[in-house]
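# Inside the fold
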Amino acid sequence: MMNYTLCYLENEKQEYLMLHRVKKKNDINHDKWIGVGGKFEEGESPEECVLRETLEETGLTLTDYRFRGIVTFDCEGLETQYLHLFTATGWTGELAECSEGDLEWVGKKAVYNLPIWEGDRIFFRLLEDPDSPFFSLKMCYDANNRLTYAALDGRELPLKEKLLVSACLLGRPCRYDGGSNLIPEVEALGQRYELIPICPEHLGGLPTPRTPSERVGTRVLSKAGADVTAAFHTGAELTLEAAVMHGVGKALLKERSPSCGCTCIYDGTFTGQVVPGQGVTAERLAKHGIRLYSEGQIEGLLGASE
């Protein structure tokens, strides 16, 4: 058995201090956004551990913090882990650089749109209520890091169906011009589905902002004439990998996009003309049997059943 602490610092702007784990090698949390904390040292109490780990990772000394619950992780192929979960609203010191990733203040609602562990969404909802009692949460993950079981205080929780969503529809600024295509009704789907936000073009290594691109036959060309087909195919493959890993059967994608268009795409002339067709990622997901929906079919998703 292994014991860890995890702490979410909360500021007056209703933001959590999140750690984007991108610096540590062989990190099971690589590219995930989590709180700060770490493994117990010999003889430490949970409080002593969270104070030490927070200081080491952020440069901040906690002065007002609360032990919120214990999370038991039963992960296939790994030793059982016990996570001692804290929130904090008071500290002293100046925020420092972390050697394990990038620290960033993120709005509490926006956290759900980040690449986080599936089960974290469960305890975030518990943390949102400042009057919620101390809880015991158990979560089981399979070898592909998919959440297969969750229980709160000994009672099994129903797990939501997972829905892959173009990240721009959730307000993430990943569109080619640095904007988004936020649709509030998409966020409302989170009441029924576990939303998995994804941007294939980011996954393919393209920057934001970037030169707009359109599909021309089997190729994807930028407005400047560059062939970016390889990046779009890489993004499509990585999106499919994520869909398979999460056990996704449905995807809500941005129509007309050279990556995500479900039934129509721009015609390659950069004149705003639309033709029937699919984006590179949409085509790849469809061939794998994933059911595709555009932003004009949200009502269908609300009424859809397996």
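Note that the structure is predicted; figures quoted are calculated from it, not measured.

Analysis parameters
Residues numbered from 1 in each chain as written. Predicted model: local features only at pLDDT ≥ 70, side-chain atom pairs only at ≥ 80, totals over all residues. Heavy atoms only, no water. Helix = DSSP H or I, 4+ residues; strand = E, 2+ residues; numbered from the N terminus. Salt bridge = Lys/Arg side-chain N within 4 Å of Asp/Glu carboxyl O. Buried < 20%, exposed > 50% of the residue type's maximum accessible area, 1.4 Å probe, protein only. pLDDT = per-residue confidence, 0-100. Pairing = 2+ DSSP bridges. Contact = heavy atoms within 4.5 Å. Phe/Tyr/Trp six-rings, centres within 6.5 Å; stacked < 30°, edge-to-face > 60°.

Within the element layout of this structure, Arg192 appears in the loop between helix 3 (184-188) and strand 11 (193-198). Expressed as a C-alpha distance, the spacing of Arg192 and Gly179, which sit 13 residues apart in the sequence, is 27 Å.

This brings us to the pattern of salt bridges. Tallied over the full model, the rule gives 19 salt bridges. Among the ionic pairs, Glu41 bridges to Arg52, the shortest N-O distance being 3.6 Å. Note that Glu41 is positioned in the loop between strand 3 (33-34) and helix 1 (46-58) and Arg52 in helix 1, a separation of eleven residues in sequence. Overall, Glu41 belongs to the partly exposed group, its relative accessible area being 44%. Under the relative-accessibility criterion, Arg52 is labelled buried at 16%. The network of salt bridges with common partners includes Glu41, Glu44, Arg52, Glu53 and Glu56.

Another point: the confidence of the model for the chain. On average, residues of the chain carry a pLDDT of 93, and 99% of them reach 70 or more. Ranking the elements of the chain by mean pLDDT puts helix 7 (residues 298-303) last with 83 and helix 1 first with 98.

With that out of the way, let us pick up the sheet that holds strand 2 (residues 15-20). Pairing between the strands of a sheet is mediated by backbone hydrogen bonds and can be parallel or antiparallel. The three strands lie next to each other as 3-2-6, forming an open sheet whose pairing is antiparallel. In this open sheet, the two edge strands, each paired with only one partner strand, are strand 3 and strand 6 (102-107). As defined by bridge partners, strand 2 adjoins strand 3 across two bridges and the pair is classed as antiparallel. The partner of His20 across the bridge, within strand 3, is Trp33.

Counting buried residues in helix 2 (residues 120-127) gives seven out of eight residues, a clear majority hidden from the surface. Taken together, the buried positions of helix 2 are Asp120, Arg121, Ile122, Phe123, Phe124, Leu126 and Leu127.

A few words on the side chain of Thr72. Its place among the elements puts Thr72 in strand 4 (residues 61-75). Classification of Thr72 as buried rests on a relative accessible area of 14%. In contact with Thr72, other than residues within four places in its own chain, are Thr80, Gln81, Tyr82, Leu137, Lys138 and Met139.

Counting across every chain of the model gives eleven aromatic pairs. Between Tyr8 and Phe123 the ring centres are 6.1 Å apart and the planes differ by 50°, which places this aromatic pair in the tilted class. Taken together, the residues span a long stretch of sequence, with Tyr8 in strand 1 (residues 2-9) and Phe123 in helix 2 at a distance of 115 residues. We note that Tyr8, like Phe123, is buried. Note on Trp91 and Trp105: the rings are 5.8 Å apart at their centroids and 25° apart in plane angle, and the pair reads as stacked. You can see Trp91 sitting in strand 5 (residues 81-92) and its partner Trp105 sitting in strand 6, a full 14 residues away along the chain. Taking relative accessible area as the criterion, Trp105 reaches 27% and is therefore assigned partly exposed. Joined through ring pairs, the aromatic side chains of Tyr8, Tyr16, Phe123 and Phe124 make up one cluster.

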